[in-house]
Amino acid sequence: MDTGTHFVMGIALGGIATVDPAINQDPLTLEAVLIGTIIGSQAPDLDTILKLRNNAKYIRNHRGITHSIPAVLLWPLLIVAGISLFLPQVDLFHLWIWTFIAVILHVFVDIFNAYGTQALRPFSHRWVALGVINTFDPFIFFAHVVGIVVWQLGVDPLQVFSGVFIIVAAYYLVRYKMKRNVVQSVERIISDVQEVIVSPTIRFTHWHVVARSERYFHVIRAMDGTIKILDTFDRHPIPDTPIMKAAKQDHNISAFLSFSPVYRWEIEECDDYTEVRFIDLRYRSKDYYPFVAVVQLDQDLQIISSYTGWIFSEKKLRKKLDILPSE
């Protein structure tokens, strides 16, 4: 989920923590727990700072090790240790319990996005992505905001946020059923479908879909119960050629391939260089596929320039390649 949603979830969890007598009877511990649940709801996304280095590092590592089982165990200890430096007299055990719940909740809700997490590390590096909830879902966010406002008006926080969590849980079930209906509709239209990858959008009834069949990738829009095939591409395996081998050595290309489950590739021969492009098919927007990885190779197959990330026009991509030589 986005930062704002994790933030309001942390506040809501801090409100529910008042059910714990050790917290409810000690205002200082309650303050510490609220700080702990807010920080714990944000901590796994600390890897966002990798954007400051480059997109490749961010794509390869975001929601990876910071969302893993060891990290889930470590984050609460670090947070509690930090808080204890300023508030050593609070109940550290109960602070740890609720901070731990906040971290677990963060990782759990991220699983329901199309991006997913590597929550099973170190046992598996597979990305767990259920594709049920958009990264930002207005209903979930504002349900928590309303709960926080009602709490501040004096209503018991346990009653308020228990209600919010029940409503949100029911919403998740509705979204799961909607996604399943989309998958079944696609399977009825494309008889030889092997896999259906669904990405929810911010719009309640709109879904991005890619269906993989034996020979084709079908890019589909599911909207208001209707299924429309927008593009169809032949499935071509990546060739085992010197050009492609050299391209795959680039850090931007390898990061893209480690993350994207469904893509097509292109090779363009120019006068002074060869350009290899990988295009993620999950994010079609206005007839354009904005999530790409591109590398330019000279005649000796040395990397000249490369880029991976979101680009919404060819003009901007050209500028990126001109100013971002490969590391």
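In case you missed it, the structure is sitting above this.
Attention here is on the structure that accompanies the text. (Residues numbered from 1 in each chain as written. Predicted model: local features only at pLDDT ≥ 70, side-chain atom pairs only at ≥ 80, totals over all residues. Heavy atoms only, no water.)

In terms of regular secondary structure, the protein is built from 11 helices and eight strands. On the principal axes, the C-alpha backbone points of the protein span a range of 75 × 45 × 35 Å. Taking the contacts inside the protein whose residues are at least 6 apart along the sequence as the reference set, 52% of them involve residues at least 24 apart. Total accessible area on the protein is roughly 16,500 Å²; 61% of this is exposed by carbon and sulfur atoms. In the protein, 30 positive and 32 negative side-chain charges are present, and the distance between their average locations comes to 5 Å. (Helix = DSSP H or I, 4+ residues; strand = E, 2+ residues; numbered from the N terminus. Contact = heavy atoms within 4.5 Å. Areas by Shrake-Rupley, 256 points an atom, 1.4 Å probe, with all protein chains shown as cover. Lys, Arg positive; Asp, Glu negative; His and termini not counted. Charge placed at Lys NZ, Arg CZ, Asp CG, Glu CD.)

It is worth spelling out the pairing of strand β2 (residues 206-213) at this point. Successive residues of a regular strand alternate their side chains across the two faces of the sheet. Burial analysis of β2 places seven of its eight residues in the buried class, which makes it a mostly covered element. Note: strand β1 (residues 193-200) against β2, seven bridges, orientation antiparallel. Paired with valine 198 across the strands is valine 209, a residue of β2. What sits between β1 and β2 in their antiparallel hairpin is a turn of five residues. Pairing geometry for β2 and strand β3 (residues 216-223), over seven bridges, is antiparallel. Within β3, the residue paired with valine 210 across the bridge is valine 219. Between β2 and β3, which pair antiparallel and follow one another directly, the connecting turn spans two residues. (Buried < 20%, exposed > 50% of the residue type's maximum accessible area, 1.4 Å probe, protein only. Pairing = 2+ DSSP bridges.)

This part is about a nonpolar patch on the surface. Taken together, the side chains of Leu46, Ile49 and Leu52 define a hydrophobic patch exposed on the protein surface, amounting to about 350 Å² of accessible area. Examined against the element boundaries, leucine 52 turns out to sit in the loop between α3 (27-40) and α4 (55-61). (Patch = residues over 30% accessible without salt bridge, like charges linked within 9 Å, V, L, I, M, F, W, Y side chains within 5 Å. Salt bridge = Lys/Arg side-chain N within 4 Å of Asp/Glu carboxyl O.)

The next subject is helix α1 (residues 3-16). Counted at 1.5 Å a residue, the expected span for α1 with its 14 residues is 20 Å, and the 20 Å between its end C-alpha atoms agrees. Among the 14 residues of α1, 11 are classified as buried, and the element is accordingly described as predominantly covered. Listing the buried residues of α1 in full gives Thr5, His6, Val8, Met9, Gly10, Ile11, Ala12, Leu13, Gly14, Gly15 and Ile16. Elements in contact with the buried residues of α1: α3, α6 (92-110), α7 (138-152) and α8 (157-189). Its side-chain oxygen 3.1 Å from the backbone nitrogen of glycine 4, aspartate 2 forms the N-cap of α1. (Expected span 1.5 Å × (residues − 1). Polar contact = N/O pair within 3.5 Å; in protein donor to acceptor, adjacent residues only side chain to side chain.)

Checked against the element boundaries, glutamine 194 lands in strand β1. When the C-alpha positions of glutamine 194 and glutamine 184 are compared, they lie 12 Å apart, and in sequence the two are 10 residues distant. Once residues lying within four places of it in the same chain are set aside, the contact partners of glutamine 194 are Arg212, Ser213, Glu214 and Arg235.

A few words now on the sheet that holds β3. Sheet architecture is open: four strands sit in the order β1-β2-β3-β4, paired in antiparallel fashion. Edge positions in the open sheet fall to β1 and β4 (226-234), since each of these has one partner strand only. Sheet twist, expressed as the mean angle between neighbouring strand axes with direction ignored, is 20°. Of the strands in this sheet, β1, β2, β3 and β4 are in contact with α8, which crosses β1 at around 145°. (Axes fitted to C-alpha atoms, helices over the stretch in contact; angles between N-to-C directions.)

Looking now at the environment of glycine 116. Summarising the element assignment, glycine 116 is placed in the loop between α6 and α7. For glycine 116, a relative accessible area of 0% gives the class buried. When the C-alpha atoms of glycine 116 and histidine 6 are compared, they prove to be 15 Å apart, with 110 residues separating the residues in sequence. Residues in contact with glycine 116, not counting those within four places in the same chain, are Arg63, Asp110, Trp127, Val128 and Ala129.

This part takes up the nonpolar core. Counting 45 residues, the largest nonpolar core has Leu95, Trp98, Ile133, Ile140, Phe161 and Tyr172 as its most contacted members. Secondary structure elements with two or more residues in this core: α1, α3, α5 (69-86), α6, α7 and α8. Examining the composition of this core, we find that seven residues originate from one element, α6, more than from any other. Dropping the residues within four chain positions of it, phenylalanine 161 is found in contact with Ala12, Gly15, Ile16, His144, Gly147, Ile148 and Trp151. (Core = buried A, V, L, I, M, F, W, Y, C linked by side-chain atoms within 4.5 Å.)

This part takes up unusual backbone geometry. In this structure, the amide linkage connecting arginine 121 to the following residue, proline 122, adopts the cis form with an omega of 10°. Following the sequence through the fold, proline 122 ends up in the loop between α6 and α7. Here arginine 63, not a glycine, exhibits a phi torsion of approximately 60°, which is positive.

What follows deals with the sheet that holds strand β8 (residues 303-310). The four strands lie next to each other as β5-β6-β7-β8, forming an open sheet whose pairing is antiparallel. Edge positions in the open sheet fall to β5 (263-269) and β8, since each of these has one partner strand only. Sheet twist, expressed as the mean angle between neighbouring strand axes with direction ignored, is 10°. Relative to β8, strand β7 (residues 291-297) runs antiparallel, the two sharing seven bridges. Looking at the pairing, alanine 293 lines up with threonine 308 of β8.

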